[in-house]
Amino acid sequence: MPRYRTRAVSLFLLVAAGCLGQPVAGTEPASANLFGVTKSTEGTPLAGARVVVRNLADGTERVLETDSSGAFAATDLKPGRYELSANKDRLVSPADTRVELAANQSLRRDLTLTLGSEVPVIAATPSKGGFFTRFFQAYADDWKAADPNASTPAPKFRGDPAPVDGPPFPFSIWPYGGSVVIGQPWTQAGPLMTAIWGGPGGDWWKKAGIQIYGWLNAGANVSTSKGGGYANFPEAYAERQGFELDQEVLYIERQPDTVQTDHVDWGFRISALYGLDYRFTTSNGFLSNQLLSKNRENGFDAPMFYFDLYVPQVAQGMDIRVGRYISLPDIEAQLAPNNYTYSHSLTYTFDCYTQLGLNATVKLSDHWMVQAGVSPGCDTMPWTGSAKVTLNACAGYTWTEGRDNIYVCDNSLNDGHYAYNNLQAFYATWYHKYGKDSRWHSATESWYQYEKDTPNINNPAAQSLLINGANGAICNNIQAVTCLAPDYAIVNYHEYQISKHDYFSFRNEFFDDFVGQRTGTKSKFTEHLMGWGHWVGTTVLFRPELRWEHSYDAPAYDNGTRHSQLTFASDVILFF
């Protein structure tokens, strides 16, 4: 992107030009000028402050430095809408300062910089007492009623403002996988890190930007299926009746600073997961004997271990991710906090979960984002017999000041022949907020998947072709040895924010497992859900839900004896 460093010019000339309605000599007739003074809350001019003037239409930036009087000026700008920001040391300007420049206009806009926070914290970082005193005090502070008169400077960001609040929702920016959200700050701050920051070495942790955090997640359900065990399947993650130890998760993470555009930065994530949900994150060839050979109810996995390299000099920023990461598309994800509801849609349950490879994400503008990558395939390691060179490519387009987003993905492309979860998967997702101040938003996802040459489970000649952990197909031609195994799904969420701590979820979906390769039942399915999310502070989340689903062409529920199932379920997540 074009970047410039200039010295401020005389405010007198620019004011005079504005008063006369004429452009400064030497500029093009259709240009505009923006100038002003940066100062502290006490009114003191701030010399050497960094000022960024960003064109909201094409994303180009003019980077300035204030002079000894705190003045700055950007001349010869194209008419249009601009975002103005400034910082000096730990002082930052107000978030979302935008101006409209007309042709031949000279506009003055002064900026008052206030003290920003180097790291976000739940409350004032406890510094008294031992570690556990600070740890539990962080929870106590988090659960206190918010002071209506308190104000915290909003963190700096690049791009459109967040369309929704997170919390209560699992995200504030429409999500995409395979990368941090370029241009957005990292605002994670849990009780564990709050306690660490307040103790010996706390300043080192803040400067390093490394955080340790996670959550404990358990749930319970009752349903009309009475067969016991996993009789709720193909419902997930509440597939086992009664109480479940779903996922106990630990992250060690550093995120690159993608708001700044000055220097290359880096990050990483190492995750550890234990519980029933390892059954959905398992990758063939990596700790997979727990499930594929021993069918253990609870197990361990590391669903993510990757390195991020952020390069701001490419377009408006590029993130390169190398390692094991969550598959790029989907409204939902394996990790409990990333979802609106406790149980998962069928749409999410039967697609690709993780990939091990390389993925590059490039922010071209506030509207466009593109991605491309390579892996050995879905949920498989490169040293297994199912590994194939697999490509992925995605693109996202955002409009209406961030309230709408279309995200399309070819998530896995290779020869498509039957192997361990060797899905050829094509996705389209649309996020929509109904108005700038609306409490409603929706998320709709549709995909088409297939595997070629899938063994026919009704033909004895095909039995030797089956792979452990990879279903065969119920082929339409009973004599066929193999057949194409396609499936199609579409799911819609409608979300209503009640308050900062509460929201309602409404989910409806259609899923067609044409030859039963994904669910084991050759049938069309529908599923309908109503859910409520309730937060205690920002560290405890309850998600009760009522779900009804139906299998039209064959019984799929209660161990294959019922066409329909009604489930009441809830989980709780405790963050640390």
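It should be noted that the structure appears before, not after, this text.
Every residue gets a number counted from 1 within its own chain, in the order that chain's sequence is written. In view of the model being predicted, local features appear only for residues whose pLDDT reaches at least 70, and side-chain atom pairs are presented and counted only at 80 or more, with totals across whole chains, interfaces and linings using the full set of residues. Each side-chain value is derived from all of the structure's non-hydrogen atoms; neither hydrogens nor water enter the calculation.

Draft legend 1. Main features of the nonpolar core. As used here, the term nonpolar core means buried Ala, Val, Leu, Ile, Met, Phe, Trp, Tyr and Cys residues forming a set that is joined through side-chain atoms within 4.5 Å. A simple rule labels every residue: compare its accessible area, found with a 1.4 Å probe on the protein chains alone, to the largest value its type can have, and call it buried under 20%, exposed over 50%, or partly exposed in between. The biggest cluster of nonpolar side chains holds 48 residues, and the ones touching the most others in it are Trp-215, Tyr-251, Leu-335, Tyr-340, Tyr-407 and Phe-511. Setting aside chain neighbours within four positions, we find Leu-335 in contact with Trp-215, Gln-247, Val-249, Tyr-251, Leu-273, Met-304 and Ile-326. Grouped together as the second largest cluster of nonpolar side chains are 17 residues, Leu-34, Val-51, Val-53 and Leu-107 included. We call two residues in contact whenever any of their non-hydrogen atoms come within 4.5 Å of each other.

Draft legend 2. Spotlight on the state of the cysteines. Cysteine sulfur atoms are paired as a disulfide whenever they come within 2.5 Å of each other. Inspection of every chain in the model, using the stated rule, returns 3 disulfides. Shown here is the disulfide that connects Cys-352 with Cys-378, its sulfur atoms set 2.4 Å apart. Residues Cys-352 and Cys-378 share a disulfide whose torsion about the S-S bond is about -115 degrees; that sign makes it left-handed. In this pair, Cys-352 is assigned in the loop between α7 (346–349) and β16 (354–363) and Cys-378 in the loop between β17 (368–375) and β18 (390–399), connecting sequence segments 26 residues apart. Judged by relative accessible area, Cys-352 falls into the buried class, the value being 1%. Comment: elements are numbered from the N terminus, with helices defined as DSSP H or I runs of at least four residues and strands as E runs of at least two.

Draft legend 3. Main features of the side chain of Asn-492. Looking at the element boundaries, Asn-492 is found in strand β22 (residues 482–497). Given the relative accessible area of 19%, Asn-492 is considered buried. Here a polar contact is recorded for every N or O atom pair within 3.5 Å, except that within protein the pair must consist of a potential hydrogen donor and a potential acceptor, and residues adjacent in sequence are included only if both atoms are side-chain atoms. In terms of polar contacts, Asn-492 uses its side chain to reach the side chain of His-494, at 2.8 Å. Beyond its immediate stretch of four places on either side in the chain, Asn-492 contacts Ser-442, Ala-443, Thr-444, Phe-506, Arg-507 and Asn-508.

Draft legend 4. Representation of a nonpolar patch on the surface within the structure. Residues with no salt bridge and a relative accessible area higher than 30% make up the patches, which join like charges within 9 Å and nonpolar side chains (Val, Leu, Ile, Met, Phe, Trp, Tyr) within 5 Å. Here the accessible surface of atoms and residues is derived via Shrake-Rupley with a 1.4 Å probe, and residues count as covered only by protein chains that are part of the display. By definition here, a salt bridge exists when the distance from a side-chain nitrogen of Lys or Arg to a carboxyl oxygen of Asp or Glu is within 4 Å. On the surface, Val-322, Leu-358, Val-374, Val-389, Leu-391, Leu-413, Phe-426, Tyr-448, Leu-484 and Phe-514 cluster together into a nonpolar patch covering about 830 Å² of accessible area. Along the chain, Leu-484 turns up in strand β22.

Draft legend 5. Representation of the pattern of salt bridges within the structure. If you walk through the whole model with that rule in mind, you get 26 salt bridges. As a salt-bridge pair, Arg-543 and Asp-571 come within 2.8 Å of each other at their nearest N and O atoms. Linking Arg-543 in the loop between β25 (540–542) and β26 (545–551) with Asp-571 in strand β27 (residues 564–575), this pair joins segments that are 28 residues apart in sequence. Arg-543 gets classed as buried once you look at its relative accessible area, which sits at 3%. The buried category is assigned to Asp-571, whose relative accessible area is 2%. Put simply, Arg-54, Glu-83, Arg-98, Lys-363 and Asp-366 are held in one network by salt bridges that share partners.

Draft legend 6. Up close: helix α2 (residues 131–143). Over its 13 residues, α2 runs 19 Å from end to end, which matches the ideal 18 Å to within 8%, given 1.5 Å per residue. What α2 keeps buried is the set Arg-134, Phe-135, Ala-138, Tyr-139, Asp-141 and Asp-142. On an axial view of α2, the arc spanned by its buried residues comes to 165 degrees, and they lie on one face. Of the exposed residues in α2, the ones pointing more than 90 degrees away from its buried face are Phe-132 and Phe-136. In this fold, the buried residues of α2 make contact with α3 (191–197), β24 (523–536) and β27. Multiplying one less than the number of residues by 1.5 Å gives the expected span of a helix. Directions drawn from the helix axis to the C-beta atoms are what define this arc.

Draft legend 7. Seen up close, the pairing of strand β21 (residues 440–455). Two strands qualify as a pair provided that DSSP identifies no fewer than 2 bridges between them. The pairing of strand β20 (residues 424–433) with β21 spans 10 bridges and is classified as antiparallel. In the sheet register, Ala-428 faces β21, and the bridge partner there is Ser-446. The turn joining β20 and β21, which pair antiparallel and follow one another in sequence, is formed by 6 residues. The pairing of β21 with β22 spans 14 bridges and is antiparallel. Counterpart to Gln-449 in the pairing with β22 is Asp-487.

Draft legend 8. Expanded view of the environment of Leu-546. Its place among the elements puts Leu-546 in strand β26. Along the sequence, Leu-546 and Phe-506 sit 40 residues apart, while their C-alpha atoms lie 10.0 Å from each other. Excluding residues within four positions of it along the chain, Leu-546 makes contact with His-528, Leu-529, Met-530, Leu-566, Thr-567 and Phe-568.

Draft legend 9. Representation of the packing of aromatic side chains in the model. What counts as a ring pair is set by centres within 6.5 Å for rings of Phe, Tyr and Trp (its six-membered ring), and what kind of pair is set by the plane angle: stacked under 30 degrees, edge-to-face over 60, tilted for all other angles. As enumerated under the stated definition, the model contains 35 aromatic pairs in all. Seen in terms of ring centroids, Phe-135 and Tyr-139 are 5.3 Å apart; in terms of plane orientation they differ by 85 degrees. Their pairing is edge-to-face. Within this pair, Phe-135 and its partner Tyr-139 are both found in helix α2, separated by 4 residues, close to a single helical turn. Here Phe-135 matches Tyr-139 in class, with each residue buried. Seen in terms of ring centroids, Tyr-348 and Tyr-353 are 5.2 Å apart; in terms of plane orientation they differ by 65 degrees. Their pairing is edge-to-face. Since its relative accessible area comes to 3%, Tyr-348 is described here as buried. Here Tyr-353 falls in the buried class, since its relative accessible area comes to 5%. Members of the aromatic cluster, each reached through a chain of ring pairs, are Phe-169, Phe-171, Trp-174, Tyr-340, Tyr-431, Tyr-493 and Tyr-503.

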